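One letter stands for each residue in the lines below.
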Amino acid sequence: MRKILSYLKPHCAFMAMLMSVKVLGTLAELALPYILSHIIDGVIGRLGADADVTSAGKSILFWAGVMVFCAVAAVCLNVSANRMAAKVAKTVAGEIRGDLFRRTVRLSPAQTDRYTVASLESRITTDTYNIHHFLNVIQRMGVRAPILLVGGLVVTATLDPVLTLVMAAALPLIFISVYGISVKGLPLFRRAQMAVDRMVKVVREDAQGIRVIKALSRTEYENGRYEEVNRSLADEERRANETMAAANPLMNLFMNLGLTAVVMAGALRVNAGLTDPGRIVAFIQYFTLISTAMMSVSRLFVIYSKASASAGRVAEVLETPEELTVVKAEGAAAPECGGDYIVFEHVCFSYAGGGEVIKDVSFTLPRGQTLGIIGATGSGKTTLLALLMRLYDVSSGSVRIGGRDVRTIPEDELHSMFGAAMQNDFVYTGTVGDNISFMRGIPEDDVRAAAVTAQADGFIRDFPEGYSHMLTSKGTNVSGGQRQRLLVARAAAGKPDILVLDDSSSALDYRTDSALRRAIAKDMAGTTAVIVAQRVSSVRRCDKILVLSEGGIIGSGTDGELMQSCALYREIAESQMGGAILD
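Residues numbered from 1 in each chain as written. Predicted model: local features only at pLDDT ≥ 70, side-chain atom pairs only at ≥ 80, totals over all residues. Heavy atoms only, no water.

### Comments concerning the sheet that holds strand S11 (residues 544-549)
Here is the rule we go by: A strand pair is defined by DSSP finding two or more bridges across the two strands. Under the DSSP-based scheme used, a helix requires at least four consecutive residues in state H or I and a strand at least two consecutive residues in state E, with every element numbered from the N terminus. Note on definitions: angles span 0 to 180 degrees between N-to-C directions of axes, and those axes are lines fitted to C-alpha atoms, for helices only across the stretch in contact.
Overall, mixed pairing links the 6 strands, which are arranged S6-S9-S10-S3-S11-S12 in an open sheet. Bordering the open sheet on either side are strand S6 (418-421) and strand S12 (552-557), each of which pairs with just one other strand. Mean inter-strand twist for the sheet, computed between neighbouring axes without regard to direction, equals 15°. Where strand S9 (residues 498-502) meets strand S10 (residues 528-533), 5 bridges bridge the pair, whose relative direction is parallel. Across the sheet, residue leucine 501 finds its bridge partner in S10, namely isoleucine 531.

### Re the layout of surface pockets
Gaps between atoms show up when a probe of the same size as a water molecule is rolled over them. The test is simple: The definitions used throughout rest on a 1 Å grid laid over the protein atoms alone, on which a cavity is an enclosed set of points accommodating a 1.4 Å probe that cannot get out and a pocket is an open set flanked by protein within 12 Å on both sides along at least five of seven lines; lining residues are those having an atom within 4 Å of a point. Grid points are joined across faces, edges and corners, and a volume is the space filled by probe spheres set on the points. Three classes are used: nonpolar for Ala, Val, Leu, Ile, Met, Phe, Trp, Tyr, Cys and Pro, charged for Asp, Glu, Lys and Arg, and polar for all others, with Gly counted as polar.
Estimated volume of the largest pocket: approximately 2100 Å³. Forming the boundary of the largest pocket are 50 residues, of which Val105, Pro109, Leu391, His415 and Asp425 lie nearest the centre. Every element with two or more residues in the lining of the largest pocket is listed here: helix H3 (53-105), helix H4 (109-115), helix H5 (117-159), helix H7 (171-208), helix H12 (381-388), helix H13 (411-416), S6 and helix H17 (480-493). Residue classes in the lining of the largest pocket are distributed as 23 nonpolar, 14 polar and 13 charged.

### What to know about the pairing of S12
In this sheet, S12 lies alongside S11 in antiparallel orientation, the contact comprising 5 bridges. Across the sheet, leucine 546 pairs through a bridge with serine 556, a residue of S12. Hairpin connection from S11 to S12: 2 residues lie between these consecutive antiparallel strands, with glutamate 550 at a positive phi of about 55°.

### Describing the packing of aromatic side chains
Note the following rule: Stacked, tilted and edge-to-face are the three classes assigned to paired rings of Phe, Tyr and Trp, where Trp is represented by its six-membered ring and a pair needs centres within 6.5 Å; plane angles under 30 degrees give stacked, over 60 edge-to-face, the rest tilted. A 1.4 Å probe rolled over the protein chains alone gives each residue an accessible area, and that area as a share of the maximum for its type sets the label: buried under 20%, exposed over 50%, partly exposed in between. Lysine and arginine charges are scored as sitting over a ring when NZ or CZ, respectively, is within 6 Å of the ring centre and within 35 degrees of the ring normal.
Scanning the model with the defined rule gives 9 aromatic pairs in all. A centroid spacing of 5.2 Å and a plane angle of 80° characterise the contact between phenylalanine 62 and tryptophan 63, whose relative ring orientation is edge-to-face. Exposure remark for phenylalanine 62: the relative accessible area of 51% places this residue in the exposed category. Between the aromatic rings of tyrosine 351 and tyrosine 392, the centroid separation amounts to 5.3 Å while the plane-to-plane angle is 90°, which identifies the pairing as edge-to-face. Remark: tyrosine 392 occurs in the loop between H12 and strand S4 (396-401) and tyrosine 351 occurs in the loop between strand S1 (340-350) and strand S2 (356-366); sequence separation between them is 41 residues. Classification of tyrosine 351 by relative accessible area gives partly exposed; the value is 31%. With a relative accessible area of 14%, tyrosine 392 lands in the buried category. Taken together, Phe349, Tyr351 and Tyr392 form an aromatic cluster joined through their ring pairs. Positioned over the ring face of tyrosine 341 is arginine 367, at 4.0 Å from the centre of the ring. Geometry around tyrosine 510 places arginine 535 over its ring, the cationic atom sitting 4.5 Å from the centre.

This is the structure in structure tokens:
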């Protein structure tokens, strides 16, 4: 919670002002029973047979006016303070949510894998809402409740110390019961938030895979899977809420017992002439105010329990250290030895908690040449690209671009070198042109030129709106092949130094794939390209081809060389020979 409360520091002056307003409003509210007691005992109680009725009436009207003034002041001041509190809570929660989102998008892929996307979504939404609610309530109840509680005890002590002691005897019991329940409820709310993460994960997976679910008639199965996580969440929330639900009944029990004791003791003292009836009326009203204050304190404990659990989850992400930091280069950058632009030197890599998926990989690629990577599913092709773009850091060895270790290149500079179309790239809701430009400010002519290179210009022009045609989320209103060509156009539009295509033509027919490769070779001559593919026809014209198997290189060379020296490559080529002839 300390991390979250640090966001309040810039707003301390404004909060001090709102608390002053809240204090004045609460004091005005606190004065009402005291004034009523004075009217009953000090004005009406002193009337006798020879009393001046006119003077007494004026006195009653005067004090009644004071009560009205205090009541109106209490309402106006409390409403103003509540609006100010809402403003602070809204502003601070917005700052927290913004920082959390910015930190989330800067997490490394490995850190995102550890947190999971579902958990990060839950932290940005549900957890920040809990914090916002807490900040709003603590400024309102956190000022009013203690003043009513302490102030009520002080005023009642001036009215009748004996009755005050009777009333105060119940307060420690209330505090102990509420505090004990709240301490027990905190871990339960943490578990409930983890259950929210699990439910968000299932919903997210089902939303992404709805077509496959329907195609394979697994709707009922997914309904059952959702019901399971939903029931788990309901059970966790029930346990937490059942635990916290005991607070109010226990508090009411002790408060009612205390009220009964006050009434009984007050009746005895009035009968004995030790106190006045007006004081008993005031005591009952103050007891009601104190009871309300204790209920507010109880509610604060419940809200704090939720907010504390959420604050811990939010702070965990905010305080996550940068993982892919820039490493200080030792000496000057090495020259491009022999013209080699991309160099992998004895690279090994493993994902957290797993075995090596890249095993002692070494190769070089001169500037302006094209590298093809082919291999079975799971052989490490995409992982090599991730290491090249430093989405992950190598476990050992080094990856160099232009003689510089990628770990020594600032992130913005490194990623500006690449234009990438990856396997799981996304299309967002927006126009075709916006999706290709991708908010990079690329001129319209360059967008259209990239679309021509990617063999996308033809079908784009067929849309009535052309490049202004609106795409749905994930590009569901275009075909798979059209979507892949849009992603290739996006990669090419920025005129990158290195073009990375990760199986980006798998949905294309052989003829379109061949036309795409010829256009890239012509329009992007001089660009270094790394192409991952499942089809030999997509890589056979590359200057160098790597054949991967189980994370290692089992073949390297040109198409002709590999057909002679690599059995796996020759097997793949022969099985696909029908498509290869279209080159």
